[in-house]
Amino acid sequence: MTKMQTRLPEGFLWGGATAANQFEGGWDEAGKGLGLIDLLPYGEDRMPIAKGEMTVKACDDAHRYPGHRAVDFYHRYKEDIALMAEMGFKCFRLSLSWPRIFPTGLEDEPNEEGLAFYDKVFDECAKYGIEPLVTICHFDLPVRLLEEFDGWKDRRMIDAFEKYCRAIFTRYKDKVKYWITFNEINMLNHLPFTSCGLTVENEENPAAVKYLCAHHELLASAKAVKLAHEIIPGSQVGCMLAGGGFYPYTCSPEDVWKAKQTERDNFFFIDVQSRGAYPNFALKKLEREGIKIDWQPGDRETLAEGTVDFVSFSYYCSRCDSADPEVSAKRAAANAYRTVRNPYLKASEWGWQIDPLGLRVAMNDLYDRYQKPLFIVENGLGAKDTVNADGSIDDDYRIDYMRAHISNMIDAVAEDGVPLLGYTVWGPIDLVSASTGEMSKRYGMIYVDQDDQGNGTLERSRKKSFYWYKKVIETNGEDLA
Ligand code: BGP
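These numbers were taken from a predicted model, which means no experiment stands behind them.

Enquirer: Explain the nonpolar core here, please?
Expert: The nonpolar side chains of soluble globular proteins are, as a tendency, buried together. Grouped together as the largest cluster of nonpolar side chains are 144 residues, with contacts concentrated most on W98, W152, F161, M363, I406, M409 and Y469. Among the elements that line this core, the one with the most residues is helix α9 (residues 206–231), at 13 residues. Those residues in contact with F161 that sit more than four places away from it in its chain are W98, I136, C137, W152, T181, F182, A220 and A224.

Laid out in structure tokens, this is it:
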């Protein structure tokens, strides 16, 4: 009989998570090409573009692009990784910028300067014993591929992605063991441009095009898993879900059924990545909606051969669903897509509803469904911080949020037996918000001096939560006080 874990296991991967475009800056340095996310401006056009409702092809002078400088990890990686090490990080989740490595995506050979940058980052991590967890594609791809192939609509994207994967697996095989193929793959349904470069503005049937892109991404993901296992023996590759369960608004069977359907739609893509085949409910749904998947010979085998080793997810909030149109109309913000407001929950300043127990629910649901180890790769509170006269920052609200979530996470592991590889807080060093492009929506335990207009020294300073998280890591989650 296997011994049930009573607390978090030894070697639990505590850390923090970032994404290239929100963190690195250096957007046109050392041969880097233009990435789709470089086109996302600050201001009122950001959301329509992210949702694919407004077409953009290039940057212009009328907009400001906060991702171009982001918070300059590109030049400050040594200082930043030293700060993470000081907090005791065991793991640093970062994404690679595809256009830094293949500037247009069409080259035969990768950009050596781009590869060399991440070598330096990984070597710096190794110095402190920090395990990198690498997202291969976090809302990113070379803009040239959009022009050439119309992005993920075209099957040739799979080859472009495979070429990119081969280059990074080969180069970093001795430095990176943990990989994630696509960040929040289900975001494709909600933010199609941010997620995969898809503009639905002029599409007759947006849903059909989304599923076409998803099919290609799922094949690309499966090929990447197989390739990683071939090139890097012992590597672990995960899928990634924008997580958080859907509660029925009431116990009426109609509400329960509605919530179940929404939740299954949410799981669709990671069902494929975890189990190696399209789930029946999705096949039936597509059939009902008259959407044909472009199955080519070998596709089914590719999916079956490329199932992931672990299931990773972000968790900021739970969601709610109702069959009643009147209730459905009362919506709250919830990480990119709005949800029925849950009257039992309080919300963050940005309206995301706070539900620590929901994390335990989500972990149990995911483990029950997939029976694979989980990895919480994003969690945290986006909040405004005030800098005191002496430079200190008392972010007790952030500590409270993290304490409550970590406590539920430990219960899921220790009381429910859910295997969990690690926990990486989103944006441990303040970075640019994906949804709003703001700096003032801060997740960090390390403050970055920059405002929403891009003014500031970019200097880093430790918040109160820095010392709190350090202690949590030191005690492997025993001391959450
Ligand atoms: C997730 C994304 C991240 C991150 C986070 C917080 O959806 O994977 O890139 O930004 O949400 O969202 P926001 O920055 O909009 O507050």
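Next comes the rest of the write-up.
Enquirer: Help me out: how do you make sense of the state of the cysteines in this one?
Expert: Where two cysteines share a covalent bond between their sulfur atoms, that bond is called a disulfide. On inspection of all chains with the given rule, the structure shows 0 disulfides. Distance from the sulfur of C239, which forms no disulfide, to the nearest cysteine sulfur (C137) is 15 Å. Exposure remark for C239: the relative accessible area of 0% places this residue in the buried category. The thiol of C251 is unpaired, and the distance to the nearest cysteine sulfur, on C320, comes to 12 Å.

Enquirer: How do you make sense of the pairing of strand β1 (residues 13–17) when you look at a structure like this?
Expert: A regular strand places its side chains so that they alternate between the two faces of the sheet. Burial of β1 is extensive: 5 of the 5 residues sit out of reach of the surface. The sheet contact formed by β1 and strand β14 (residues 420–426) spans 5 bridges and is parallel. In the sheet register, A17 faces β14, and the bridge partner there is W426. When β1 meets strand β2 (residues 91–95), the two strands line up parallel, connected through 3 bridges. Bridge pairing in β2 places G15 opposite C91.

Enquirer: Whenever I open this one, the packing of helix α10 (residues 253–275) against helix α14 (residues 356–370) confuses me. Can you help?
Expert: Each pair of packed helices can be summarised by the angle the axes make with each other and by the distance between the axes. Where α10 contacts α14, the two axes come as close as 11 Å, and the packing angle between them is 45°. The pairing of α10 with α14 is recorded here as oblique in orientation. You can see that α10 and α14 cross each other, and the crossing is right-handed. In this structure, α10 contributes E263, R264, F267, I270, D271, S274 and R275 to the contact, and α14 contributes D365, L366, R369 and Y370. Partitioned by chemical class, the residues of the contact of α10 with α14 number 4 nonpolar, 1 polar and 6 charged.

Enquirer: Can you walk me through the environment of I232 in this structure?
Expert: Within the secondary structure layout, I232 lies in the loop between α9 and β5 (236–242). Residues within four places of I232 in sequence aside, it is in contact with F169, K173, V176 and W179.

The rules behind the values
Residues numbered from 1 in each chain as written. Predicted model: local features only at pLDDT ≥ 70, side-chain atom pairs only at ≥ 80, totals over all residues. Heavy atoms only, no water. Core = buried A, V, L, I, M, F, W, Y, C linked by side-chain atoms within 4.5 Å. Buried < 20%, exposed > 50% of the residue type's maximum accessible area, 1.4 Å probe, protein only. Helix = DSSP H or I, 4+ residues; strand = E, 2+ residues; numbered from the N terminus. Contact = heavy atoms within 4.5 Å. Disulfide = S-S within 2.5 Å. Pairing = 2+ DSSP bridges. Axes fitted to C-alpha atoms, helices over the stretch in contact; angles between N-to-C directions. Parallel < 35°, antiparallel > 145°, perpendicular 65-115°, else oblique. Left-handed = near helix turned anticlockwise from the far one by under 90°. Nonpolar A, V, L, I, M, F, W, Y, C, P; charged D, E, K, R; others polar.

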